[in-house]
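Analysis of the macromolecular model
What follows is each chain in one-letter form.
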Amino acid sequence: DGRTLATASSGADDGTRGTTVRGNTLAGNASGVWLTAGTTAANVHDNLVTTSAGDGIRLEGADANTVEANEVAGSSGGSIVLVTADRNVVAGNSVADGSGPAIGLELGATANRIEVNDLDTSEAGVAILDSDDNEVVANVAHDMSDAGVLLERADDGLVSGNDLRFNGAGVELA
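In this report, the structure presented in the accompanying data block is examined.

Conventions adopted
- Residues numbered from 1 in each chain as written.
- Predicted model: local features only at pLDDT ≥ 70, side-chain atom pairs only at ≥ 80, totals over all residues.
- Heavy atoms only, no water.
- Helix = DSSP H or I, 4+ residues; strand = E, 2+ residues; numbered from the N terminus.
- Core = buried A, V, L, I, M, F, W, Y, C linked by side-chain atoms within 4.5 Å.
- Buried < 20%, exposed > 50% of the residue type's maximum accessible area, 1.4 Å probe, protein only.
- Contact = heavy atoms within 4.5 Å.
- Salt bridge = Lys/Arg side-chain N within 4 Å of Asp/Glu carboxyl O.
- Pairing = 2+ DSSP bridges.
- Axes fitted to C-alpha atoms, helices over the stretch in contact; angles between N-to-C directions.

1. Looking at unusual backbone geometry
The phi dihedral of Val-116 is positive, around 55 degrees, even though this residue is not glycine. Position of Val-116 relative to the elements: it lies in the loop between β14 (113-115) and β15 (118-120). Here Ala-138, not a glycine, exhibits a phi torsion of approximately 60 degrees, which is positive. Mapping Ala-138 onto the fold places it in the loop between β17 (135-137) and β18 (140-142).

2. Comments concerning the nonpolar core
Ranked by internal contacts, the top residues of the largest apolar core, which has 30 residues, are Ile-57, Leu-59, Ile-80, Leu-82, Ile-103, Leu-119 and Val-126. Elements with a minimum of two residues in this core: β4 (33-36), β7 (57-60), β10 (80-83), β13 (103-106), β16 (126-129) and β19 (147-152). Setting aside residues no more than four positions away along its own chain, Leu-59 makes contact with Leu-35, Asn-65, Val-67, Val-81, Leu-82, Val-83, Ala-85 and Asn-88.

3. Concerning the pattern of salt bridges
According to the stated counting rule, one finds seven salt bridges in the structure shown. A salt bridge links Glu-60 to Arg-58, with the nearest nitrogen and oxygen atoms 3.1 Å apart. On the accessibility criterion, Glu-60 (26% relative accessible area) is partly exposed. Accessibility expressed as a relative area gives 18% for Arg-58, which makes it buried. Measuring nitrogen to oxygen at the nearest pair gives 2.7 Å for the salt bridge that ties Asp-163 to Arg-165. The exposure class assigned to Asp-163 is partly exposed, which follows from its relative accessible area of 22%. Taking the relative accessible area as the measure of exposure, Arg-165 reaches 44% and is therefore partly exposed.

4. Some thoughts on the sheet that holds strand β11 (residues 89-91)
With parallel pairing, seven strands are arranged side by side in an open sheet as β2-β5-β8-β11-β14-β17-β20. At either end of the open sheet lies a strand with only one pairing partner, and these are β2 (20-22) and β20 (158-160). Pairs of neighbouring strands in the sheet enclose a mean axial angle of 5 degrees, with direction left out of account. Pairing between β14 and β17: three bridges, direction parallel. Residue pairing across strands places Ile-114 opposite Val-136, the latter belonging to β17.

So far we have only geometry, and geometry alone does not tell us how the molecule works.
Below, the structure is given as structure tokens:
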């Protein structure tokens, strides 16, 4: 059912509502999937995203979307990154071998829920920078060079029920 897409866009970056990106193999792209420009209610699931030159899956200015059950490996940037993106759910993804954070929230990514993800061998498991009111629940983050969960200038969040072993730190607050 899936197609292999190389050096192509996901087609979900035009600010549309309700787009589904499902069952694709996305390899060797600048970003595997990039939701931007006000994209809302998109569902990105069951994709294989490998060897992205930048971020594997990136949500930028995209609110109320779901990123679930994807496999992301070998990204040169972050594996799943939310920038100024609010009220998104990132759940049930498998992430490994990224150069940046497995899951990163930055620059005002607010009220997102990160849950039940399996994160392995990246810079940090979940890194939340300059972003408030986020929840990190029931994730597994092992073998990170930095923290399993890093909160830097991140107020009013919740970190609960995570398995954060074999990292540079379990939870780091800065």
